[in-house]
Amino acid sequence: MFDLIVRHATLPDGRTDIDVAVRGDRIAAVEPHATLAAAAAGREIDAGGLLLSPPFVDAHFHMDATLSLGLPRFNQSGTLLEGIALWGELKPHLRQEALVERALAYCDIAVARGLLAVRSHVDTSDPRLLAVDALLEVKRRVAPYLDLQLVAFPQDGVLRYDPRRDDPSCTLSALQLLEKALDKGVDVVGGIPHFERTMADGLESVRLLCELAASRGLRVDMHCDESDDPLSRHVETLALHARRLGLQGRVTGSHLTSMHSMDNYYVSKLIPLIAEAGLSAIANPLINITLQGRHDTYPKRRGMTRVPELMAAGVPVAFGHDCVMDPWYPMGSGDMLEVASMALHVAQMTGRAAMRACYDAVTGTPARILGLEGYGLAPGCFADLVLLQARDPIEAIRLRPARLAVLRRGRVVSEQPPATAALRLDGRPARVDFLHRR
Ligand code: FE2
């Protein structure tokens, strides 16, 4: 006897007519329907041949800023730097309760989208560490339904920011504030070398922060070269210190947009260094297509890092949402399929395997980057599942369809009716559901 069986599912790897049985909070069996046809369960869900997937994972987000669009004003230039300045204007006015409420509201949307794990950066450039306390509270409150992993992110530069600017009585340095955030329970060490005053300071910040992570046994996820500067060299430095400190497999470079603008000769050296150091990469296509190339005339650079080339070198590449309705980005919907769709288009990844890799980049790959335990669609994994109104991962990216059911630890936490339209056309079907009939 099982607690629940999802019958007649198609899995992301292409297997069809599969039954997935759940006992307690874990997947107990994944078998062809014929094998489990006689099995009983407390509840059954008929997938009807639709896609049953592990949940979406967002490897890069800023939950402390989300849903703050228009506070205290809008970003007029649309640039990263005006966004950072705007966030600086907003910070003194932030209140913990409002920040928690906005983050919880975003997590509601995330769950409804089947997004059940998020790595969020949290700004530590604040003597009060207000956002850190708020997101630690959010992490505790959403834990039953969403895994929230936090990155200590020195938004204003770990060397550039002087906390006495905001509180003359503060005796801690920006690095000590970041360490205090880690002491409070933040999980990962972040950084922003391209925002330090000089390239030399940026390189020094990478060294300091990697050594801090190594000393504490923590992972690293740095905003690394989120710029259009082809001469930025922070990525190779991140690779150097990851290798030197034995952090292979635990260090992530986020954005890496400078790689878009670098010349091919240098990149032919850099990508093998990234692979050798066991780095993973996170591209944020919605944001990078919007923020990068703002100073260009035509042709305008896309700005997204070299996704297919990194994947071809064996580097794990995930896609992040980065922002939803905040000082940097006025759009966004919490839908990782929108993120995957934008990446697919910007990177021109329209081959069949490439499109499937785009689906992996918002599911299994970020789960590995975050080090999520029990993620996947196999016996023994947590029963965290999403039933989509699509027949395979490629159609899911194309349609960004309804999440018919979202399960967390074996319990249905969100349901959505299928999207259909009633047609009033003579001689044509009465209804369309947008699926492709082969
Ligand atoms: Fe970011």
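Structure's up top.
Small disclaimer: the values here were computed from a predicted structure and weren't measured.

What counts, and where the lines are drawn
- Residues numbered from 1 in each chain as written.
- Predicted model: local features only at pLDDT ≥ 70, side-chain atom pairs only at ≥ 80, totals over all residues.
- Pairing = 2+ DSSP bridges.
- Helix = DSSP H or I, 4+ residues; strand = E, 2+ residues; numbered from the N terminus.
- Expected span 1.5 Å × (residues − 1).
- Buried ≥ 20, exposed ≤ 12 C-beta atoms within 10 Å, placed from the backbone.
- Contact = placed C-beta atoms within 7 Å.
- Axes fitted to C-alpha atoms, helices over the stretch in contact; angles between N-to-C directions.
- Left-handed = near helix turned anticlockwise from the far one by under 90°.
- Nonpolar A, V, L, I, M, F, W, Y, C, P; charged D, E, K, R; others polar.
- Core = buried A, V, L, I, M, F, W, Y, C linked by C-beta atoms within 7 Å.

## Focus: the sheet that holds strand S13 (residues 317–319)
Phase 1: Pairing is parallel in the open sheet, where eight strands are placed in the order S6-S7-S8-S9-S10-S11-S12-S13. The open sheet has two edge strands, strand S6 (56–61) and S13, and neither has a second partner.
Phase 2: Here strand S11 (residues 251–255) runs beside strand S12 (residues 280–283); their pairing, made up of three bridges, is parallel. Following the sheet pairing, Thr252 is matched in S12 by Ser280.

## Things to note about helix H3 (residues 96–112)
Phase 1: When the terminal C-alpha atoms of H3 are compared, their 25 Å separation across 17 residues agrees well with the 24 Å that a helix rising 1.5 Å per residue should span.
Phase 2: Of the residues making up H3, those classed as buried are Leu99, Arg102, Ala103, Tyr106, Cys107, Ala110 and Val111.
Phase 3: Those residues of H3 that are buried are in contact with strand S7 (115–123), helix H4 (130–142), strand S15 (403–408) and strand S16 (411–415).
Phase 4: Just past H3, the residue Gly114 takes up positive phi, approximately 80°.

## Side note on the packing of helix H12 (residues 336–346) against helix H13 (residues 352–360)
Phase 1: Contact geometry of H12 with H13 gives a least axis separation of 9 Å together with a crossing angle of 145°. In this structure, H12 crosses over H13, and the sense of that crossing is right-handed. Judged by residue contacts, Ala340, Ala343 and Leu344 of H12 engage Met355, Cys358 and Tyr359 from H13.
Phase 2: Grouping the constituent residues of the contact of H12 with H13 by class yields six nonpolar, no polar and no charged.

## With respect to the sheet that holds S16
Phase 1: Taken together, the four strands give an open sheet; going across it, the order is S5-S14-S15-S16, and neighbouring strands pair in antiparallel fashion. Strand pairing shows two members of the sheet lacking a second neighbour, strand S5 (51–53) and S16, which therefore form its edges. Taking each pair of neighbouring strands and ignoring which way they run, the sheet shows an average axis angle of 20°.
Phase 2: As judged from the four bridges shared by S15 and S16, these two strands associate in the antiparallel manner.

## Describing the nonpolar core
Phase 1: Counting 134 residues, the largest nonpolar core has Val20, Ala340, Ala343 and Leu387 as its most contacted members.
Phase 2: Among the elements that make up this core, the one with the highest residue count is H12 (seven residues).
Phase 3: Those residues within four positions of Val20 in sequence are excluded, and the remaining contacts are Ile5, Val6, Ala9, Ile27, Val30, Leu52 and Leu385.

## Here's the deal with the environment of Ala85
Phase 1: Following the sequence through the fold, Ala85 ends up in helix H2 (residues 80–90).
Phase 2: In this structure Ala85 comes out as partly exposed when scored by C-beta crowding, with 14 C-beta atoms within 10 Å.
Phase 3: Residues Ala85 and Ser268 lie 183 residues apart in sequence; the distance between their C-alpha atoms is 35 Å.

## Thoughts on unusual backbone geometry
Phase 1: Cis geometry is adopted by the peptide bond preceding Pro72, which originates at Leu71 and carries an omega value of -15°.
Phase 2: For Pro72, the location among the structural elements is in the loop between S6 and H2.
Phase 3: In this structure, the amide linkage connecting Tyr298 to the following residue, Pro299, adopts the cis form with an omega of 0°.
Phase 4: Looking at the secondary structure, you find Pro299 in the loop between helix H10 (285–291) and helix H11 (307–312).
Phase 5: Here the phi dihedral of Leu67 falls at roughly 65°; this positive angle occurs in a residue that is not glycine.
Phase 6: Its location among the elements puts Leu67 in the loop between S6 and H2.
Phase 7: Here the phi dihedral of His255 falls at roughly 80°; this positive angle occurs in a residue that is not glycine.
Phase 8: What makes His255 buried here is the crowd of 31 C-beta atoms within 10 Å.

## Focus: the pairing of S6
Phase 1: For S6, a buried count of six out of six residues is recorded, marking the element as mostly surrounded by other parts of the structure.
Phase 2: As judged from the four bridges shared by S6 and S7, these two strands associate in the parallel manner. Looking across to S7, one finds that Val57 is bridged to Ala117.

## Quick notes on helix H6 (residues 199–216)
Phase 1: Helix length check: H6, at 18 residues, gives a terminal C-alpha distance of 26 Å against a target of 26 Å (1.5 Å per residue), a fit within 8%.
Phase 2: Those residues of H6 hidden inside the fold are in contact with strand S9 (188–189), strand S10 (219–224) and helix H7 (234–244).
Phase 3: Two residues or fewer after H6 comes Gly217, characterised by a positive phi angle close to 70°.

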